[in-house]
Number of protein chains: 2
Amino acid sequence: MRQVAILGIGQIKVDEHWELSLRELGGNAAFAAMQDAGMDKVDALYVGNMLSPMVSGQNQLGTFLSDWIGLWDQESVKVEAACASGAAALRAGLMAVSAGEIDSALIVGVEKMTDKAGHDVTAALATAADADYEVEQGISFVGINALVMRRYMHEYGWKHEDFAPFSINAHANATHNPFARLHEKITVEKFEKSSMVATPINLLDASPTGDGAAAAIIVPAERVASLPGKPKITVAGSASATDSIAVHSRRDPLFLSAAYLSSKKAYEMANAGPQDIDIFELHDAFSIMSALSLEASGFAERGQGVKLGLEDQINPRGRVPICTRGGLKARGHPVGATGMYQIVEVVQQLRGECDKTQVDGARIGMAQNIGGSGATILTHILRAE
Amino acid sequence: MRQVAILGIGQIKVDEHWELSLRELGGNAAFAAMQDAGMDKVDALYVGNMLSPMVSGQNQLGTFLSDWIGLWDQESVKVEAACASGAAALRAGLMAVSAGEIDSALIVGVEKMTDKAGHDVTAALATAADADYEVEQGISFVGINALVMRRYMHEYGWKHEDFAPFSINAHANATHNPFARLHEKITVEKFEKSSMVATPINLLDASPTGDGAAAAIIVPAERVASLPGKPKITVAGSASATDSIAVHSRRDPLFLSAAYLSSKKAYEMANAGPQDIDIFELHDAFSIMSALSLEASGFAERGQGVKLGLEDQINPRGRVPICTRGGLKARGHPVGATGMYQIVEVVQQLRGECDKTQVDGARIGMAQNIGGSGATILTHILRAE
């Protein structure tokens, strides 16, 4: 299996882009990545997207985007794993480059969620859950996560405000990221007074949706030399694992088994462990998911994930810096694009391009992208060489 | 790149399966393939599906199906390329096995199209076309193909009845396939008198939709020995190519450029040419597509694809046997599953399991799966060894 390097990255600001169509969103991120890599041609395109058939009436998004970008003739395909679609598209591209089938791939995560009159985005997001056994009961996707958070608080005795540090850190970091949707610092008081969405999840526990796109170009590692001031960044670990779709079918609804399995495999591939990870871009769609992700990936004991926040260890100068560019909470969560935003942000950290939220001496970064309420989880470890 | 073999196949009858849910459809084909391969465990699952988010309110179909099948923990993902989703899922699995990342993969193409009150399947199918520049004008997917057929008849001087042999052959072959949706022979007279759908496409030019699922298990070729009476079947060629999504953007709307490119590459990989192909399972969603596919893949001159039918060369004893199990026209076209039905049928031919439609001495078979009106085209060549 050939080792793969990330040669270029691109992203657009997560926002309500009423002026940009689905193809323009994806195209703009793709062009930025191609410019960053200094390439105007690639062998194949892999697109991560979740909602376009429902929200934009558009399927076949691989070919749709390659047509717009001008990559006519090239292999193009869409990969979907709910909110983990971005990382799943990256992994599909990794396999093809690793196999030696192609020598370069463009990966684009893209999602258009606003400015689509007549489409119910909440209903579309619920397709990530089990249609027959969860959604049929009338529960929304936030509702499922609210049940998990309530159970966690009950089992381990945490109060709602104990989750505040996750959101406060994300909002603080996002103020230094021009691509983030929200640029507003918050406090514990504001966190506690925020409007309720689905008890106990309030507006500041939940990530905002938005239109967005992020992209990367991957090539065989042997084709890339380290340039002065721009380290060679390789994919040291990549793994995907799954759990049951419905939360009620899991042996333990408070343990992200697929996060445990995929991070374990990624650690083995990278010959590393949690102690070696300098930054961890995790999937904080809801504050509870930050805690569960930290626990399943080996950064905290069961039920103790929130403690890392309370002990001030999750900021860019802490022991386990997370959401260094704002995370899903404040950078925003354009669902199918999120996995690629995480990859782009880890690369920015490893390149030392993060200004006030730069983690000093960052050499190894991890990104974890979650589809559904823990059903599909991909973990990638990147290394600067 | 490791060579890959197809170890097991499974399928269910294409039909209106009101008694089977989406998970049961996919599961039944998957179990059949696992039984055929003699395996109860695989390393990963790749699912091809186009419509489930819109028609069944279900996304994340990889994990959804692995959960049902009992492949908990394993990597699972959905791949979508409109009606080419089935072959695109196979190709994703091929890349992962080729890369050495996994040692076995289950590929399932599945589609639930009937028994879904309140969902407009015609509108859902139109997501394969360009939403902004084609569908916005009010044209349906059949309408787009009708424009192409009308232009072809005008340019090359063919009459509507000249396309009859494609449908007659497909219907005749399907009478010997228990998994086919239609089991009714037709004649030129019946073909010409059939109800109009979108001039000049009538009901017997068009393939019927339906519920269906087909599956295969792939493994590294070196792990499989030839067994007596059951040849080792390897994937000798696999390629994907694209064209613009909208037909009006193509340099020549009557030439399937992506079929030309993907078959060319697959021929090169297999060290073969059209003259070596013993059976060709092509994508006859509409009769016009049979002609265009034969031409672009090197079996007929431009504008002369219909002649192969008129000269009686497309039946199982002809020079270019196509749709030997009924094709999309009579086996049925459960869109995201179709590409895997084609693969299963080529394997059946290479194993000599096709009874009255068996092509004598078949050693090399080709399957071509088309997404949209020619936008994404995958060609696979299988060889019996």
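Quick caveat: nothing in here was measured; it's all calculated off a predicted structure.

Let us now look at the pattern of salt bridges. This structure, assessed with the given rule, holds 40 salt bridges over all chains. A salt bridge links D132(B) to R23(A); its shortest N-O distance comes to 2.9 Å. Remark: R23(A) occurs in helix α1 (residues 22-37) and D132(B) occurs in the loop between α5 (121-125) and α6 (141-156); the pair is interchain, linking two chains. Exposure remark for D132(B): the relative accessible area of 32% places this residue in the partly exposed category.

Along the chain, S76(B) falls in strand β3 (residues 75-80). Take S76(B): its relative accessible area is 2%, and that puts it in the buried class. Along the backbone, S76(B) and Q349(B) are 273 residues apart, and their C-alpha atoms lie at a distance of 29 Å. Those residues in contact with S76(B), other than ones at most four positions away along the chain, are T242(A), T376(A), L45(B), G62(B), T63(B) and S66(B). At a separation of 3.0 Å, a polar atom in the side chain of S76(B) contacts the side chain of S66(B).

Overlaying chain B with chain A gives an RMSD of 0.0 Å, the required rotation being 180 degrees about an axis along which the chain moves by 0.0 Å. Each copy turns onto its partner about a two-fold axis. Minimal C-alpha distance to the rotation axis in chain B is attained by A99(B), lying at 1.9 Å.

Okay, the interface of chain B and chain A next. Each partner contributes to the interface: chain B provides 58 residues, whereas chain A provides 58 residues. Taking both sides of the interface into account, the surface hidden between chain B and chain A amounts to around 4300 Å²; carbon and sulfur atoms contribute 46%. Seen at the junction of chain B and chain A, the total is 36 residue pairs in polar contact (both at pLDDT 80 or more). Looking at the side of chain B that touches chain A, the elements with two or more residues in it are α2 (52-55), α3 (61-69), β3, α4 (85-98), β8 (233-242) and α9 (257-270) of chain B. Ranked by the residues each element gives to the side of chain B that touches chain A, the list is headed by β3(B), at 6 residues. Residues that form the side of chain B that touches chain A fall into these classes: 26 nonpolar, 20 polar and 12 charged.

So, how was this worked out
- Residues numbered from 1 in each chain as written.
- Chains lettered and ligands numbered in written order.
- Predicted model: local features only at pLDDT ≥ 70, side-chain atom pairs only at ≥ 80, totals over all residues.
- Heavy atoms only, no water.
- Salt bridge = Lys/Arg side-chain N within 4 Å of Asp/Glu carboxyl O.
- Helix = DSSP H or I, 4+ residues; strand = E, 2+ residues; numbered from the N terminus.
- Buried < 20%, exposed > 50% of the residue type's maximum accessible area, 1.4 Å probe, protein only.
- Contact = heavy atoms within 4.5 Å.
- Polar contact = N/O pair within 3.5 Å; in protein donor to acceptor, adjacent residues only side chain to side chain.
- Least-squares fit on C-alpha atoms with pLDDT ≥ 70 in both.
- Buried area = accessible area lost by both parts, 1.4 Å probe.
- Nonpolar A, V, L, I, M, F, W, Y, C, P; charged D, E, K, R; others polar.

Honestly, that's just the spatial picture; any functional story needs more than this.
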